[in-house]
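# Report on the structure
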Amino acid sequence: MCYSTSNKEKSIAQMERELEAQKKASLNYRPHYWMTGFAHETIYAVTQENPNIIDEMTWGIVEPWTNDVSERWKKLAGKSLNTQAEYVFENNRSEEAILRRRCIIPVTGYFEPYKIKSASYPHLVQPVHETYLGLLGVYNTINGINYTSILTAPANSFMEMVHNGKKRQPIMLDPNYWKEWVSNDLSDGQIRNMMFQCDTEQELEAFTVLRTATNARADNNTPEILEKQYFPEVVEQQKYDIRQADVYNENWDNLNSGNLNPSSLFG
């Protein structure tokens, strides 16, 4: 079972310093404000094979024996971008990678859609105090190119309020275990434990942004996509959602903060 250590804040700070140093040492590192996975662009990760550098990854995993990656992407569609952790040991694209090619994908935040009927209101999810979230991934290497996928799991009670349609989330491993995830010494049981029991204890926030953030064809890679937007219909619906919940989540205090008072609504 995972637990927080007494020097957790020191541990997170050290990991962030190491990531920053690795970024500076990588001449090809190019940050994004926003990207769509369907463009199969370059993202960055710390890998099990080479944990001391930030490696380039192409977003969209395929089977390691794939000859025509572009054609395989067309058939897989969104299935190449995310891999359900519940089936990662049985999936042809990931069954070997989960044992030998795990990675941590450091991000400053990511977008999830909040649905009200047929309308989508994208939220930006990010840590409150730290710089990075560590998303779990696996990858295969074909002709020198790393093709990666983000591992997902059922949403926790905070993410259910953000990704309320499918109620899934990328696995955000607690920073205390980032290095362990890319070590070579994990058993199947330890891997499963880290995927399902080591959800990050970082304080998180989520807030609505421009609605174009869920439009893969829009020009969203600008600083403006990170700015808070206010939608009263979202606030009212989330107030209702919180009233229906069984267990209180402290991160709800950071959900569209300033517009909600979750403590007064719960129960």
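Residues numbered from 1 in each chain as written. Predicted model: local features only at pLDDT ≥ 70, side-chain atom pairs only at ≥ 80, totals over all residues. Heavy atoms only, no water.

Let us now look at the overall build of the chain. If you tally the helices and strands in the chain, you get seven helices and 11 strands. Each of the three principal axes of the chain carries a C-alpha extent, and together these read 55 × 45 × 35 Å. Counting every position in the chain, which comprises 267 residues, the buried fraction comes to 50%. A fraction of 67% describes how many contacts in the chain between residues 6 or more apart in sequence connect residues 24 or more apart. Of the accessible surface of the chain, which amounts to about 13,600 Å², a share of 46% is contributed by carbon and sulfur atoms. Side chains of the chain give 26 positive and 35 negative charges; the mean places of these two sets differ by 5 Å. (Helix = DSSP H or I, 4+ residues; strand = E, 2+ residues; numbered from the N terminus. Buried < 20%, exposed > 50% of the residue type's maximum accessible area, 1.4 Å probe, protein only. Contact = heavy atoms within 4.5 Å. Areas by Shrake-Rupley, 256 points an atom, 1.4 Å probe, with all protein chains shown as cover. Lys, Arg positive; Asp, Glu negative; His and termini not counted. Charge placed at Lys NZ, Arg CZ, Asp CG, Glu CD.)

The next thing to look at is the pairing of strand 7 (residues 133–142). Among the 10 residues that make up strand 7, nine are buried, leaving the element largely enclosed by the rest of the structure. Where strand 4 (residues 102–107) and strand 7 come together, six bridges link them in antiparallel fashion. Pairing of I105 across the sheet is with L135, part of strand 7. Inspection of the sheet shows strand 7 paired to strand 10 (residues 172–173) by two bridges, in the antiparallel sense. Bridge pairing links G134 to L173 in strand 10. (Pairing = 2+ DSSP bridges.)

The next thing to look at is the pattern of salt bridges. Scanning the entire structure with this criterion turns up seven salt bridges. The shortest N-O distance in the salt bridge between E96 and R101 comes to 3.6 Å. Judged by its relative accessible area of 32%, E96 is partly exposed. A network of salt bridges, in which partner residues are shared, links E63, R72 and R93. (Salt bridge = Lys/Arg side-chain N within 4 Å of Asp/Glu carboxyl O.)

The phi angle at N143 is positive, at roughly 50 degrees, despite the residue not being glycine. Residue placement: N143 occurs in the loop between strand 7 and strand 8 (145–154). Judged by its relative accessible area of 77%, N143 falls in the exposed class. Of note in this structure, N256 is not a glycine but carries a positive phi near 45 degrees. Position of N256 relative to the elements: it lies in the loop between helix 6 (232–244) and helix 7 (262–265).

Attention now moves to the sheet that holds strand 11 (residues 204–208). Sheet architecture is open: three strands sit in the order 5-6-11, paired in antiparallel fashion. Edge positions in the sheet fall to strand 5 (110–116) and strand 11, since each of these pairs with one other strand and no more. Pairs of neighbouring strands in the sheet enclose a mean axial angle of 30 degrees, with direction left out of account. Looking at chain direction, strand 6 (residues 119–127) and strand 11 are connected through five bridges and run antiparallel. Residue pairing in the sheet places Q126 in a bridge with E205 of strand 11. Strand contacts of helix 6: strand 5, strand 6 and strand 11, with the helix running at about 80 degrees to strand 5, the strand carrying the most contacts. (Axes fitted to C-alpha atoms, helices over the stretch in contact; angles between N-to-C directions.)

On to the packing of aromatic side chains. By the definition in use, this model includes three aromatic pairs. When the centroid spacing of 5.3 Å and the interplanar angle of 65 degrees are considered together, the rings of Y121 and F231 count as edge-to-face. Residue Y121 is found in strand 6, and its partner F231 is found in the loop between strand 11 and helix 6; the two are separated by 110 residues along the sequence. When the ring centre of W181 is taken as origin, the NZ or CZ atom of R102, which lies over that ring, is 5.5 Å away. (Phe/Tyr/Trp six-rings, centres within 6.5 Å; stacked < 30°, edge-to-face > 60°. Lys NZ or Arg CZ within 6 Å of the ring centre and 35° of its normal.)

As a further point, take the environment of W59. Relative to the helices and strands, W59 resides in strand 2 (residues 55–59). Accessibility expressed as a relative area gives 14% for W59, which makes it buried. Here the alpha-carbon distance between W59 and D241, two residues 182 residues apart in the chain, equals 33 Å. With residues near it in sequence (within four places) discarded, W59 still touches M35, T36, G37, H40, E41, I43, W73, L81, N82, T148 and I150. At 3.1 Å, the side chain of W59 forms a polar contact with the backbone oxygen of L81. (Polar contact = N/O pair within 3.5 Å; in protein donor to acceptor, adjacent residues only side chain to side chain.)

Tracing the chain through its elements places E63 in the loop between strand 2 and helix 2 (69–76). If sequence neighbours within four positions are ignored, E63 has contacts with R72, N92, R93, N140 and I142.

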